[in-house]
Each structure stands twice: as structure tokens, then as C-alpha cells.
Amino acid sequence: MNCLEARKYIYDFVQKNWEEEMVEDFLKHLHSCPECQEELRITHMVYHGLRSLDDKEELRIDGSYAELQEEAGSFLFHCHFFSAFRIVSETLVFWAVTFSLICFIAKYGVYLT
């Protein structure tokens, strides 16, 4: 992801319109680009500030910014966990079906030709 793509994604990121691949690429880019980090911080500050005024809640810019990044990391962890879980589940089902088929063939003497 380059700076232009990252800056286009900042507003979606702040609003938590997350997709696994985009969040991952965006966070990787942020680690290497201080300009985009600052752009994200400013956008978050404005968005969160306006939202807190609407909700009449206490304004905690730095705390909410840290929470946003923590939530994004947690989102990625859950995406990767469930992807791995899906792969393991599919593999187990494949081997269970294969083993059942082999047992069936062995028991009933059915030969595939």
C-alpha cells in the first residue's frame, strides 16, 4: 500500500469499516510512514471529537486512538484465527471422509476402477 491508497482508506479505518486485507496492508504501511500516521491521528481526532460532542461524552483523544489501534490488531488476530480454524476444520473433514471411504471399501470389498 502506498501513501495515496492509505490516505484514501483513513476515513474507513477510523469508522471501523474494516476488511482483513485492507487493515493488514494499512497497518503495515503506518509502521513505516510517519506522515500517514499523523494524517490518521488528525482524522481520528476530528472524527472522535465530533462524535463525542454528539454523544455528550468525555473527550479522550489519545486513549481512544490507542483503543482504535488495539481494536484493529484484535480484529486482525480474530480474522487470522478464524481463517486458521477454517483450514484445520476443512482438513479434518477431508481426512475423516477419506478414512471413512477407505474403511467402507475395506469392509465391503468395493473396488474403484
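Residues numbered from 1 in each chain as written. Predicted model: local features only at pLDDT ≥ 70, side-chain atom pairs only at ≥ 80, totals over all residues. Heavy atoms only, no water.

**Q** Sorry, what's going on with the overall build of the protein chain here?
**A** From N to C terminus, the protein chain includes four helices and zero strands. Secondary structure of the protein chain in N-to-C order comes out as α-α-α-α. Out of the 113 residues belonging to the protein chain, those deemed buried represent 22%. The long-range share in the protein chain, meaning contacts at least 24 apart out of those at least 6 apart in sequence, stands at 57%. Working note: accessible area of the protein chain is about 8400 Å², and carbon and sulfur atoms make up 62% of it. (Helix = DSSP H or I, 4+ residues; strand = E, 2+ residues; numbered from the N terminus. Buried < 20%, exposed > 50% of the residue type's maximum accessible area, 1.4 Å probe, protein only. Contact = heavy atoms within 4.5 Å. Areas by Shrake-Rupley, 256 points an atom, 1.4 Å probe, with all protein chains shown as cover.)

**Q** Help me understand the state of the cysteines in this model?
**A** Disulfide: a covalent bond connecting the sulfur atoms of a pair of cysteines. Applying the stated criterion to the full structure yields zero disulfides. A disulfide-free cysteine, cysteine 33 has its sulfur positioned 3.5 Å from the sulfur of cysteine 36, the nearest such atom. (Disulfide = S-S within 2.5 Å.)

**Q** When you look at the environment of leucine 68 in this model, what are you seeing that I'm missing?
**A** On the secondary structure map, leucine 68 appears in helix α4 (residues 61-108). As a C-alpha pair, leucine 68 and valine 14 span 54 residues in sequence and 7.6 Å in three-dimensional space. When neighbours within four sequence positions are excluded, leucine 68 is seen to be in contact with Phe13, Val14, Lys16, Trp18 and His44.

**Q** Whenever I open this one, the nonpolar core confuses me. Can you help?
**A** Note on soluble globular proteins: their nonpolar side chains tend to be buried together. The biggest cluster of nonpolar side chains holds 17 residues, and the ones touching the most others in it are Phe13, Trp18, Val23, Phe26, Leu27 and Leu40. Listed by contribution, the elements that provide at least two residues to this core are α1 (3-14), α2 (20-32), α3 (34-55) and α4. Looking at this core, the element that brings in the most residues is α1, giving five residues. Setting aside residues up to four positions removed in sequence, leucine 40 forms contacts with Ile10, Phe13, Val14, Phe26, Leu30, Tyr65 and Gln69. (Core = buried A, V, L, I, M, F, W, Y, C linked by side-chain atoms within 4.5 Å.)

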